[in-house]
Each structure stands twice: as C-alpha cells, then as structure tokens.
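# Report on the structure
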Amino acid sequence: MKQSLRALIIGIAACSAFSAHANINIDKEVKSVEKKVIEWRRDIHQHPELSNRETRTAAIVAKHLKSLGMQVETDIAHTGVVGYLKGAKPGPTVMLRADMDALPVTEKADVPFRSTIVTKYMGEDVGVMHACGHDTHVAMLMGTAEVLAAVQKELHGNIMFVFQPAEEGAPKGEEGGANLMLKEGIFKKYQPDVAFGLHIMSNLNTGQIGYRSGPIMASGDTFDITVKGKQTHGSAPWNGVDPIAAASQIVTGVNHIVSRQIDITKEPAIISFGKISGGVRDNIIPDSVNMIGTIRNFDMDNRAKIFDNIKTTASYIAMASGAEADVKITKGYPVTINDPALTAQMLPTLKNVAGADNVFDVPKLTASEDFAFYSQEVPSLFIFLGGTPVEQDASKAPYNHSPYFYADESSFKIGTKALSQLAIDYLAMNQ
C-alpha cells in the first residue's frame, strides 16, 4: 500500500513537472545526432570486442565524451568508461548505462557492415559479433551524451554516463561487468540517485518500448554437480557404485524442486540441466558423472531456497545410492528489478517519446542482465527498445544472440531520445 501511494504521489508530481519543463525541446538535437549514431554503430559493429577486451570501443567513447567537455574516467573494471556532465543548476544525479561487449558468434546477417573478426575464445578460433545489440547501446548513449551536453545550461542536476564492459560475463578467471565497476567505486564517487538503461530487442518492432514494474529479468546462476561412484564392469554393477544411475535420479529430483518445493504463485523459477558427461564406453560403469545447468528466478528469497534445495536433493539422492555428490553453485546476476515508484514516475516520459500506443507492459524475461547490480544500489528503470523493422513480424525475427540478429537503424533515434528525455524529465521532477 505504501509503495502504491508513493507511486501515485510521484505520478501526480510528474504530470505537473512536464508542463514546467516543456521549454527543453531536444528534437533538434536528437535529429542532428542521428546520422552520427548510425555511423558509430556501424563502425563498432564491424570491430566487435569480447568481454574485458573492449579497448578500441572504449577509446572511441572516451574521445567523444572528452570532446563534449565532460569529466572522463577510463580503465574502470578493465575497459569501462565513465563520463560526468555537471548541470548548470543544482539537483540530483542520473546514471545512464550502455554495455560494450560482443559475443563469440560468427555473423551471418546480410549487412554491408557485418563483422569478419575472428579471435581466440576458450582456446578455439571463433567469430566475434555484436549479436545482442550492445553496439547500438554504445552508439545511442554516445548520441545521448551529445544531446544532453547541448542543453547542459538548462539541466537541474548531473548526468553520469557509464559505458560498461563484460555484460555477457567476464572470461574465466577474471572479474568484470557491472559488479566490478561498483566494486571499484563508481557509485561511491558519483553518487547517482537513479539509474536508467535500455536493451534493444528483436521481438519488438521499431517505435515500440517495453517496460515492466518490479522484476523484469531473471537472476542467472549456474550449478555444477559431480556424482562420485566406484568404477566397475558393466556386467557386474554390484561390484561398484553407479554414478550414472544416481545422476539420472538427481535430474528427476532437482526438477521436482520448482514444481513441488517452491511457491511459484509468488514468482516463477526455472532449473535446467545443460550438459551431462561421464563414462568412456558401453561396458564400463565410470567413477563419476558431471552435470551443469542454469537457475533462473525472479525472487531473491526463492533464489536462496533453490540453492539450498539443489544441494540437499543431490547429496541425499547420491547417498542413497552409495555415491557422493559434490555440488557447486555459482551466483551470477541477481534479479533485475524496476523500482515501482520510479517506473510510475517515468512512464509518461516513455509515452511522450514513443506515443502511448507504442509503450507496452511486457512479460517477465527469463534471460538475465547485469544491470541488476545497479538496481540493487539505487532505484532503477530498465526498458526494452524495439529493433525489428515495422514491416516485419517481430515474433519471427532472429532473437538476440542469433548469428542472424539484426537491429533496425531507424530505432536508434527513439532510443537516443528516450534516454535523453528520461534524464531531463527526472531532473526536472526532482529539482
């Protein structure tokens, strides 16, 4: 009830703030930067860089921010860049974020600026592609920086531009991403009051914006279970301990955790096994079996319970078979949560940018996003930007991470304006 009342009060304040701040019109600035945004995106797309290796991209970003007269820091969390734009009038600080890393994917999209980059990943030669649209995020935030720098004298507060590496996960043995940027103190230094971010999505058409109040993207964690038995001849299983039989029962038992032990009326959850490996030939029962998988969830209390139940289930099922289970759970990204009050406050901005008919309350997404770490620190809003041309069926478009992923360039001006207007309007409402 308190949260709903707070959202209502802020929503009323938002309506009055819009009329008070109508003198800042950024349409001209957004239009003037549109061509640059497209050019930046094409250049970055042709030169993709994997997580924690975004040196060329970071250099382009830093050079641009410095040209706008901003305070700029580089080499944060390996390759991250932070730009700070101080408004002419006192007020809060807004953080805007873009992720910079590409994926080990060989591009198959038929575009003239397609990536032909090949590099080493986990010891193998792989293609590199911006298959998740991070190149567009960087270009749009660079454009947003130019738009907001042009109206700096009218801003009631400050803007913090975060260009973040390694959203897709740091290489094995390294730290990276949003969590490392926070560890290195960017929030302590710049003290943002709120954070905004966006992600281009192929399942929405250009011109559309998706949002959701509360949990919008799932936590993403991994588990690694090694079942240890005793090797023996396949013709005499009683002379050993069969880890394959135990592992098969563990799969069944773990899949019962969500359906029988978690209150899924509270929030949904998913446990999926992705790989099972063990044994070398048909007539040898092996010493061990290894299983790995992913856990997706939208509630932090449920998350902890799932962790405990996986360990308990695997251990006791293995014990009943005379085996042992070594269970390791690695925390990945927490739940991405849009602050309900902030979402209500900024919804009129999104509707003004895209038109009320083009702004949708979207379902939860079981993918994960390390913007979640920022949303744990300050009230945040993360939105989805449509990236499939309007003449195409977005439900059939190649999804993010596909080698055929495509982002419509005409969507960039909407993303640029959305980020710019969110910052402007928030500062105006809270001056």
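Definitions and cut-offs
- Residues numbered from 1 in each chain as written.
- Predicted model: local features only at pLDDT ≥ 70, side-chain atom pairs only at ≥ 80, totals over all residues.
- Heavy atoms only, no water.
- Helix = DSSP H or I, 4+ residues; strand = E, 2+ residues; numbered from the N terminus.
- Expected span 1.5 Å × (residues − 1).
- Buried < 20%, exposed > 50% of the residue type's maximum accessible area, 1.4 Å probe, protein only.
- Pairing = 2+ DSSP bridges.
- Axes fitted to C-alpha atoms, helices over the stretch in contact; angles between N-to-C directions.
- Contact = heavy atoms within 4.5 Å.

## Regarding helix α4 (residues 134-150)
- Under the 1.5 Å per step criterion, the end-to-end length of α4 is 25 Å for 17 residues, consistent within 8% with the ideal 24 Å.
- Across the 17 residues that make up α4, a large majority, 16, are buried.

## Observations regarding the sheet that holds strand β3 (residues 89-99)
- Here we have 8 strands laid out as an open sheet, ordered β1-β2-β6-β3-β7-β18-β8-β17, and mixed in their pairing. Here the strands that pair on one side only, and so sit at the sheet edges, are β1 (71-76) and β17 (359-361). Direction aside, neighbouring strands of the sheet carry axes that sit 25° apart on average.
- Running over the sheet, α4 touches β2 (80-86), β3, β6 (156-164), β7 (194-205) and β18 (380-388) and is turned about 160° from β3.

## Describing the sheet that holds strand β10 (residues 219-228)
- As summarised here, the arrangement of the 4 strands in space is β12-β14-β10-β15, forming an open sheet in which the pairing is antiparallel. In this open sheet, the two edge strands, each paired with only one partner strand, are β12 (269-277) and β15 (324-333). Neighbouring strand axes in the sheet, compared pairwise and without regard to direction, differ in orientation by 20° on average.
- The pairing of β10 with strand β14 (residues 288-297) spans 10 bridges and is classified as antiparallel. Within the sheet, the bridge partner assigned to F223 lies in β14 and is G293.
- In the packing of helix α7 (residues 243-261) onto the sheet, contacts are made with β10, β12 and β14, and the angle to β12 comes to roughly 165°.
- Here helix α8 (residues 300-320) sits on the sheet and contacts β10, β12, β14 and β15; the angle it forms with β15, its principal contact strand, is near 165°.

All quantities given are derived from atomic positions and should not be read as evidence of function.
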